[in-house]
Amino acid sequence: MKPERVSHLLKHMGDSAQYHHFDYWVTVRPSEDVPGQWVAHCLNIDVVSQGNSLAHAFEMIMEASLQTVMDDVAAGRDPDERRAPQEFWTDLWKTMPKTRTFSQIPKGAKIACAIAQLYLAVPRELAKGKKKQPEPIHEVPAFFTVENHASHA
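Quick caveat: nothing in here was measured; it's all calculated off a predicted structure. (Residues numbered from 1 in each chain as written. Predicted model: local features only at pLDDT ≥ 70, side-chain atom pairs only at ≥ 80, totals over all residues. Heavy atoms only, no water.)

Draft legend 1. Broad picture of the packing of aromatic side chains. Summed over all chains, the structure comprises 3 aromatic pairs. For the ring pair Phe 22 and Tyr 24, a centre distance of 5.8 Å and an interplane angle of 35° mean the geometry is tilted. Of the two residues, Phe 22 and Tyr 24, both sit in the buried class. When the centroid spacing of 5.6 Å and the interplanar angle of 80° are considered together, the rings of Trp 25 and Trp 93 count as edge-to-face. With Trp 25 in strand S1 (residues 19–30) and Trp 93 in helix H3 (residues 86–95), the pair connects residues that are 68 residues apart, well separated along the chain. (Phe/Tyr/Trp six-rings, centres within 6.5 Å; stacked < 30°, edge-to-face > 60°. Buried < 20%, exposed > 50% of the residue type's maximum accessible area, 1.4 Å probe, protein only. Helix = DSSP H or I, 4+ residues; strand = E, 2+ residues; numbered from the N terminus.)

Have a look at this one:
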């Protein structure tokens, strides 16, 4: 991660007086029924999105998750009451031991699943009905599972 992102992240993580902080688990997988598409699922709030690539799907789930959290906070609801069904969490924990960091994946290997943590900071003013532009705080996908270790480009 770039040093400026770390500074930005730490600045807002310590600023709990102004922001609600949310730390969520996200999975991103190739779509089973639409070739070339990736499906992202934020398990903590059970939000699903898709994209044309792993990175695009992650961007889309960040946007969808942030919007969901903002809407819930503004309406006085607890976003964490939306959790995904248990089978998705069980799958996450079963997949975790098989993960590798991106640098450990052979070039050209097919990625079966990406697992990441998504950090969001939403202004507390939203809960008071004030409109302030929210600021997503996020990480890129950190761990990946590999479907085929031998498929090098």
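Draft legend 2. Examining the nonpolar core more closely. Core analysis: the biggest nonpolar cluster contains 24 residues, and Tyr 24, Val 28 and Val 69 have the highest contact counts within it. The set of elements that each furnish at least two residues to this core consists of S1, strand S2 (38–42), helix H2 (54–74) and strand S5 (110–123). Residue contributions to this core peak at 9 residues, all from H2. Residues in contact with Val 28, not counting those within four places in the same chain, are Trp 38, Val 39, Ala 40, Leu 54, Ala 57, Phe 58, Cys 113 and Ala 114. With 7 residues, the next largest nonpolar core counts Trp 25, Trp 89, Cys 113 and Ile 115 among its residues. (Core = buried A, V, L, I, M, F, W, Y, C linked by side-chain atoms within 4.5 Å. Contact = heavy atoms within 4.5 Å.)

Draft legend 3. Local environment of the pattern of salt bridges. Using the criterion set out here, one finds 3 salt bridges in the structure. For the salt bridge of Asp 72 with Arg 77, the shortest nitrogen-to-oxygen distance reads 3.0 Å. What makes Asp 72 buried here is its relative accessible area of 1%. Note that Asp 72 and Arg 82 form a salt bridge whose closest N and O atoms lie 2.6 Å from each other. Pair noted here: Asp 72 is in helix H2 and Arg 82 is in the loop between H2 and H3, with a separation of 10 residues, a long-range link. Assessed through its relative accessible area of 36%, Arg 82 is described here as partly exposed. (Salt bridge = Lys/Arg side-chain N within 4 Å of Asp/Glu carboxyl O.)

Draft legend 4. Quick peek at the environment of Glu 125. Looking at the secondary structure, you find Glu 125 in the loop between S5 and strand S6 (135–136). The exposure class assigned to Glu 125 is partly exposed, which follows from its relative accessible area of 22%. Measuring from C-alpha to C-alpha, the distance between Glu 125 and Tyr 19 comes to 8.2 Å, with 106 residues separating the pair along the chain.

Draft legend 5. Highlighting H2. For H2, with 21 residues, the first-to-last C-alpha span of 30 Å sits near the 30 Å given by 1.5 Å per residue. Looking at H2, one finds that the buried residues are Leu 54, Ala 57, Phe 58, Ile 61, Met 62, Ser 65, Leu 66, Thr 68, Val 69, Met 70, Asp 72 and Val 73. Where H2 terminates, the next one or two residues include Gly 76, which has phi positive at roughly 80°. (Expected span 1.5 Å × (residues − 1).)

Draft legend 6. Molecular detail of the layout of surface pockets. Estimated volume of the largest pocket: approximately 220 Å³. Every residue lining the largest pocket is listed: Thr 27, Arg 29, Pro 30, Ser 31, Glu 32, Val 39, His 41, Leu 43, Phe 88, Asp 91, Leu 92 and Ala 112. For the lining of the largest pocket, the secondary-structure elements that each account for two or more residues are S1, S2 and H3. A per-class count over the lining of the largest pocket returns 6 nonpolar, 3 polar and 3 charged. (1 Å grid on protein atoms, 1.4 Å probe; cavity = no way out; pocket = protein on both sides within 12 Å on 5 of 7 lines; lining within 4 Å. Points joined across faces, edges and corners; volume = space filled by probe spheres on them. Nonpolar A, V, L, I, M, F, W, Y, C, P; charged D, E, K, R; others polar.)

Draft legend 7. A look at the pairing of S2. Within S2, 4 of the 5 residues are buried, which leaves it mostly tucked inside the rest of the structure. Relative to strand S3 (residues 47–51), S2 runs antiparallel, the two being bridged by 5 bridges. Each residue of the ladder has a partner; that of Trp 38, found in S3, is Gly 51. Between S2 and S3, which pair antiparallel and follow one another directly, the connecting turn spans 4 residues, one of which, Asp 46, has a positive phi of 50°. (Pairing = 2+ DSSP bridges.)

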